[in-house]
Amino acid sequence: MNNKIWIDADSCPLLVRNHVIKTGNNLNIPVFLVANKNIPCEENLNYEMIIVEQIKDSADNYILLNSTESDLVITKDIVFADKLVSKNISVINDRGTEFSEKNIKEILSERNYDMALAEIGLVKHFHEGYDKQKFIRFANCFDRVLHRIISGNN
């Protein structure tokens, strides 16, 4: 099976990108970063940077069209994750959450509710930092899902 790893790279932390690429290199799995501009990683790593048009959702659309059921996609975008899950593609975020048919609708509903509260000013969105604990949760989830995909048990 020809596995690939796709990273929705615009908002993915450098620590995550480098870890994913190193793991892909070690396992001989191609890694593709997709964004509307060049996203830096460690120079000695082997990956492909795909730069798409600067149009809303163009990176998502590129990954959606080019990924298959044997691939793994990393994204924070819950709406995009829902589309991937509906195509039976494995998807996780950089915080260590695996999106699946069992949880994506609830996560999407929570996101929509939070956005509605923010729109009327009841909740303020803020960008939380990315710390070692978040990375550890990500790395554990990434390893578990990647090995399941490699073994053909998606």
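Computed from a predicted structure; not experimentally measured. (Residues numbered from 1 in each chain as written. Predicted model: local features only at pLDDT ≥ 70, side-chain atom pairs only at ≥ 80, totals over all residues. Heavy atoms only, no water.)

Asker: How would you summarise the sheet that holds strand β1 (residues 5-8) if you had to cite specific residues and measurements?
Answerer: A sheet is described by the order of its strands in space; here 6 strands give the open sequence β3-β2-β1-β4-β5-β6, paired in mixed fashion. A strand with exactly one partner marks an edge of an open sheet, and here the two such strands are β3 (48-51) and β6 (98-99). One ladder, built from 4 bridges, connects strand β2 (residues 31-35) with β3; its direction is parallel. Bridging from a neighbouring strand, L33 pairs with M49 of β3. In the packing of helix α5 (residues 132-150) onto the sheet, the strands contacted are β1, β4 (72-74), β5 (90-92) and β6, and the crossing angle to β5 comes to about 175 degrees. (Pairing = 2+ DSSP bridges. Helix = DSSP H or I, 4+ residues; strand = E, 2+ residues; numbered from the N terminus. Contact = heavy atoms within 4.5 Å. Axes fitted to C-alpha atoms, helices over the stretch in contact; angles between N-to-C directions.)

Asker: Let's hear about the state of the cysteines: which residues, and what values?
Answerer: As used here, a disulfide is simply a covalent bond connecting the sulfur atoms of two cysteines. In this structure the tally under the stated criterion is 0 disulfides. There is no disulfide at C41, and the cysteine sulfur nearest it, in C12, is 8.3 Å away. (Disulfide = S-S within 2.5 Å.)

Asker: Before we move on, could you go through helix α1 (residues 14-27) and cite the residues and values that matter?
Answerer: Under the 1.5 Å per step criterion, the end-to-end length of α1 is 20 Å for 14 residues, consistent within 8% with the ideal 20 Å. Those residues of α1 hidden inside the fold are in contact with β1, β2, β4 and α5. Remark: N28 follows α1 within two positions and exhibits a positive phi of approximately 60 degrees. (Expected span 1.5 Å × (residues − 1).)

Asker: Now, about the pattern of salt bridges: what can you tell me, with residues and values included?
Answerer: Note that side chains of opposite charge can pair when their charged atoms are close. Scanning the model with the defined rule gives 9 salt bridges in all. Connected through shared salt-bridge partners, K76, D94 and R95 make up one network. (Salt bridge = Lys/Arg side-chain N within 4 Å of Asp/Glu carboxyl O.)

Asker: I'd love a proper account of the side chain of S70, names of residues and values included.
Answerer: When you line up the elements, S70 lands in the loop between α2 (58-66) and β4. At 3.4 Å, the side chain of S70 and the backbone oxygen of N2 are in polar contact. (Polar contact = N/O pair within 3.5 Å; in protein donor to acceptor, adjacent residues only side chain to side chain.)

Asker: Describe helix α3 (residues 78-86), naming the residues involved and giving the relevant values.
Answerer: What α3 keeps buried is the set I78, F80, A81, D82, L84 and V85. The backbone nitrogen of V79 has a side-chain oxygen 3.0 Å away, supplied by the residue at the start of α3, namely D77. Once α3 ends, the next one or two residues include N88, with phi positive near 65 degrees. (Buried < 20%, exposed > 50% of the residue type's maximum accessible area, 1.4 Å probe, protein only.)

Asker: Summarise the packing of α1 against α5; cite the residues concerned and give the values.
Answerer: The interhelical angle for the contact between α1 and α5, taken along N-to-C directions, is 30 degrees, at an axis separation of 11 Å. In terms of axis orientation, α1 runs roughly parallel to α5. Crossing angle aside, the handedness with which α1 passes α5 is right-handed. In this structure, α1 uses L15, V16, H19, V20, T23 and L27 to contact α5, whose residues at the interface are F135, F138, A139, F142, D143, L146, H147 and I150. Of the residues that constitute the contact of α1 with α5, the class distribution is 10 nonpolar, 3 polar and 1 charged. (Parallel < 35°, antiparallel > 145°, perpendicular 65-115°, else oblique. Left-handed = near helix turned anticlockwise from the far one by under 90°. Nonpolar A, V, L, I, M, F, W, Y, C, P; charged D, E, K, R; others polar.)

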